[in-house]
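Residue-level listing of the chains:
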Amino acid sequence: MQYERMLYKYKSDENMEYIYDILENNRFYLAKREELNDPLEGASSMDFGFAGSSYYVGTPQMHTQYEDILNEYRVLSLSEENDNVVMWSHYANNYKGVCIETCCNERVKEIKPVHYTRVIQHVSHKSFEDTASKLLFFKAKEWNYECEWRYISKENYLKIKEGEITKIFIGYRTDPDNIRRLIEICMKQKIEVFIAMINPYEYRVEMKSLDEYRKCMKRVDKDWNEF
């Protein structure tokens, strides 16, 4: 099967059940807007052409009707990169979490890249609904390190087919018990497992197979215990 694009989901170890759910049930949770870490999600310089549409301009609040509709949408955030040093630190709890590779082949046309800009988008759409669904694909330029792609829906989960989760990269600082459980699940699901480790000599993340990681750890630490 030819996959159109591989995308990656970074997850922290702070709630491992969320990670297990993805792997065992072949589904990704879509976050509510209030759960996202950017308060400018869906921000717009809007001109709807009716009385009161500019009432909130100059305040820290969005138009209440627009915000209500915006909050109906949920977001799955994915990245183009699995070896992003900052993403591993911010979203995988400093290499204690994971990065999951997926092709989402059945839904790939609905997953679109985020556009990064220095200027809030000005829109004159006829409806708040149209505006909200479009502007959730725009973010401030400062977020461009995420190389983000998004799936937008009003559903709680994006269900994908078995086999569309292809690999998992486990942070090298992940708790050994969690690593063992992840390996066990991935073996059942036929998902390839790699360890993501830093290279302190080159400022980069390296992916090692389990065998490669065991060998390199034994080379530098005779007391190292395998998982």
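Refer to the structure above for everything that follows.
Every value quoted in this text rests on a predicted model; they were computed, and no experiment measured them.

Regarding helix H6 (residues 210-220)
Consideration 1: For H6, the full list of buried residues reads Leu-210, Tyr-213, Arg-214, Cys-216 and Met-217.
Consideration 2: The secondary structure elements touched by the buried residues of H6 are helix H5 (176-189), strand E14 (192-199) and strand E15 (204-209).

Concerning the pattern of salt bridges
Consideration 1: Scanning the model with the defined rule gives 18 salt bridges in all.
Consideration 2: Note that Lys-139 and Glu-41 form a salt bridge whose closest N and O atoms lie 3.8 Å from each other. Of the two residues, Lys-139 is situated in strand E10 (residues 138-140) and Glu-41 in the loop between strand E3 (31-32) and strand E4 (45-46); the sequence distance between them amounts to 98 residues. For the pair shown, Lys-139 and Glu-41 are each scored as buried.
Consideration 3: Measuring nitrogen to oxygen at the nearest pair gives 3.0 Å for the salt bridge that ties Arg-204 to Glu-206.
Consideration 4: The class of Arg-204 is partly exposed, set by a relative accessible area of 37%.
Consideration 5: Owing to a relative accessible area of 15%, Glu-206 belongs among the buried residues under this scheme.
Consideration 6: A network of salt bridges, in which partner residues are shared, links Glu-41, Lys-139, Glu-146, Glu-148 and Arg-150.

Topic: the environment of Tyr-172
Consideration 1: Within the element layout of this structure, Tyr-172 appears in the loop between strand E13 (165-171) and H5.
Consideration 2: For Tyr-172, a relative accessible area of 29% gives the class partly exposed.
Consideration 3: Sequence-wise, Tyr-172 and Tyr-213 are 41 residues apart; in three dimensions their C-alpha atoms are separated by 9.3 Å.
Consideration 4: In contact with Tyr-172, other than residues within four places in its own chain, are Tyr-95, Ile-195, Ala-196, Met-197, Ile-198 and Tyr-213.

Some details on the packing of aromatic side chains
Consideration 1: Across all of its chains, the model carries six aromatic pairs by this definition.
Consideration 2: Put simply, the rings of Tyr-10, Trp-88, Tyr-95 and Tyr-172 pair up and form one aromatic cluster.
Consideration 3: Sitting over the face of the ring of Phe-137, Lys-112 holds its NZ or CZ atom 5.8 Å from the ring centroid.
Consideration 4: Over the ring of Tyr-20 we find Arg-181; its NZ or CZ atom is 4.1 Å from the centre of that ring.

Quick look at the environment of Trp-88
Consideration 1: As for its position among the elements, Trp-88 is in helix H3 (residues 85-91).
Consideration 2: The buried category is assigned to Trp-88, whose relative accessible area is 0%.
Consideration 3: Placed 42 residues apart in sequence, Trp-88 and Asp-130 show a C-alpha to C-alpha distance of 34 Å.

Remarks on empty space enclosed by the protein
Consideration 1: Tallied over the full model, the rule gives one cavity of 30 Å³ or more.
Consideration 2: In this model, the largest cavity occupies a volume close to 40 Å³.
Consideration 3: Looking at the lining of the largest cavity, its residues break down into two nonpolar, three polar and one charged.

A short note on the layout of surface pockets
Picture a little ball the size of a water molecule; that probe, rolled over the atoms, points out where space is still empty.
Consideration 1: Of the voids in this model, the largest pocket is the one considered here, and its volume is about 900 Å³.
Consideration 2: Forming the boundary of the largest pocket are 31 residues, of which Lys-9, Tyr-10, Lys-11, Ala-31 and Tyr-91 lie nearest the centre.
Consideration 3: Those elements that place two or more of their residues in the lining of the largest pocket are strand E1 (7-11), helix H1 (16-25), strand E2 (27-29), strand E5 (74-79), H3 and strand E11 (148-153).
Consideration 4: Grouping the amino acids of the lining of the largest pocket by side-chain chemistry returns 13 nonpolar, six polar and twelve charged.

Rules and cut-offs
Residues numbered from 1 in each chain as written. Predicted model: local features only at pLDDT ≥ 70, side-chain atom pairs only at ≥ 80, totals over all residues. Heavy atoms only, no water. Buried < 20%, exposed > 50% of the residue type's maximum accessible area, 1.4 Å probe, protein only. Helix = DSSP H or I, 4+ residues; strand = E, 2+ residues; numbered from the N terminus. Contact = heavy atoms within 4.5 Å. Salt bridge = Lys/Arg side-chain N within 4 Å of Asp/Glu carboxyl O. Phe/Tyr/Trp six-rings, centres within 6.5 Å; stacked < 30°, edge-to-face > 60°. Lys NZ or Arg CZ within 6 Å of the ring centre and 35° of its normal. 1 Å grid on protein atoms, 1.4 Å probe; cavity = no way out; pocket = protein on both sides within 12 Å on 5 of 7 lines; lining within 4 Å. Points joined across faces, edges and corners; volume = space filled by probe spheres on them. Nonpolar A, V, L, I, M, F, W, Y, C, P; charged D, E, K, R; others polar.

Everything listed is a geometric property; what it means functionally is a separate question.
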